[in-house]
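Structure at a glance
Next come the chains, spelled out residue by residue.
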Amino acid sequence: MSKAKRRPGPKQASVKFNETALIHSALAKRKKGELIDLLVTYSENEVSIRRDLENRLGIEKPVGLMVGDIESAIATATDFDTREINYNFSYDHESYEAVEKGLRRLVELGEFEEVKRLCLELMKQGSYQVECSDEGLMTEEIESCLKPVIQAIRQESSDRAKRWATAMLAADRVGFICEKPLRKLAEIE
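Remember, it's a predicted structure, so these values are computed and weren't measured experimentally.

Another point: the overall build of the protein chain. Helices and strands together make up the secondary structure of the protein chain, namely 9 helices and 0 strands. A total of 189 residues make up the protein chain; the buried ones form 31% of that total. Looking at the protein chain alone, contacts between residues at least 24 apart form 69% of all its contacts between residues at least 6 apart. A total accessible area of about 13,000 Å² is found for the protein chain, and carbon and sulfur atoms account for 52% of it.

Okay, structure coming up:
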């Protein structure tokens, strides 16, 4: 009696392919310039890849570029589909993190006028997003962005800090985002 050879079926494949290993192998065959071009192309098309590369490479941007990035991150973070008003719609947590990081960096650089302007825009757009959502789940992210700025603005002259805090309170469409620290800064009790 002769034994018939069995061919392995899909579940019995003797070699398992690791997609990451295949990519690694293909990249290892490329020249340095090609790899750089590939990374730059991906970073141009994907904001998350660009942010990751900037962080990993320790890239320090000029203030003008940082401000543009923060403005873009605010727009992305606070964006939502108006057809989902009064629902718990999804929002971009990573963009809120980028806003917070950018604002912190501008504070470190002493760019208070830009920081205040950006925070006012965040309050307008962010509080509208909270107002339109069912439970305002993004409130914590907005407050995380604003609290370090409020702390820093306390160091400024009291009149300028009061005017900014008053403007922030007026821009808050829901009336509770960082309300206590802003009222204290504006000396409104």
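Following the structure, the description resumes.
This model, assessed by the stated rule, comprises 15 salt bridges. Here Asp81 makes a salt bridge to Arg83, at a shortest N to O gap of 2.6 Å. A relative accessible area of 27% places Asp81 in the partly exposed class. Among the salt bridges present, the one from Arg173 reaches Glu131, with a minimum N-O distance of 2.7 Å. Of this pair, Arg173 sits in the loop between α8 (158–171) and α9 (179–186) while Glu131 sits in helix α6 (residues 112–132), placing them 42 residues apart in sequence. Note on Glu131: relative accessible area 36%, which makes it partly exposed. It is possible to trace a salt-bridge network through shared partners that takes in Arg50, Glu54, Lys61 and Asp69.

Ranked by size, the top nonpolar core spans 38 residues in total, and within it Leu103, Leu146, Trp164 and Leu182 carry the most contacts. Every element with two or more residues in this core is listed here: α4 (63–77), α5 (93–108), α6, α7 (139–153), α8 and α9. Broken down by element, this core gets its largest block of residues, 7 residues, from α6. For Trp164, the contacting residues outside a window of four places in its chain are Lys116, Cys119, Val149, Ile150, Ile153, Leu182 and Leu185.

Turning to helix α3 (residues 47–57), its buried residues are Arg51, Leu53 and Glu54. The arc that holds every buried residue of α3, seen down its axis, measures 165°, which confines them to one face. In this structure, the buried side of α3 is in contact with α2 (32–45), α4 and α5. Following α3 by one or two positions, Gly58 adopts a phi angle in the positive range, close to 65°.

The rules behind the values
- Within every chain, residues take consecutive numbers counted from 1 along the sequence as written.
- Side-chain atom pairs in this predicted model are given and counted only at pLDDT of 80 or more, local residue features only at pLDDT of at least 70, and totals for whole chains, interfaces and linings cover all residues.
- Computation of side-chain values: all heavy atoms of the structure, hydrogens and water removed.
- Where helices and strands are cited, they refer to DSSP runs of H or I of at least four residues and of E of at least two residues respectively, numbered from the N terminus.
- Each residue gets one of three labels from its accessible area relative to the maximum for its type: buried under 20%, exposed over 50%, partly exposed in between, using a 1.4 Å probe on protein chains only.
- Between two residues, a contact is recorded if the distance between any of their heavy atoms is within 4.5 Å.
- For every accessible area listed, the method is Shrake-Rupley and the probe measures 1.4 Å; residues are considered covered only by the protein chains on display.
- We define a salt bridge as a contact between a side-chain nitrogen of Lys or Arg and a carboxyl oxygen of Asp or Glu at a distance within 4 Å.
- By nonpolar core we mean a set of buried residues, namely Ala, Val, Leu, Ile, Met, Phe, Trp, Tyr and Cys, connected to one another through side-chain atoms within 4.5 Å.
- Note that the arc is computed from the directions linking the helix axis to the C-beta atoms.

Purely geometric numbers; function is a separate question.
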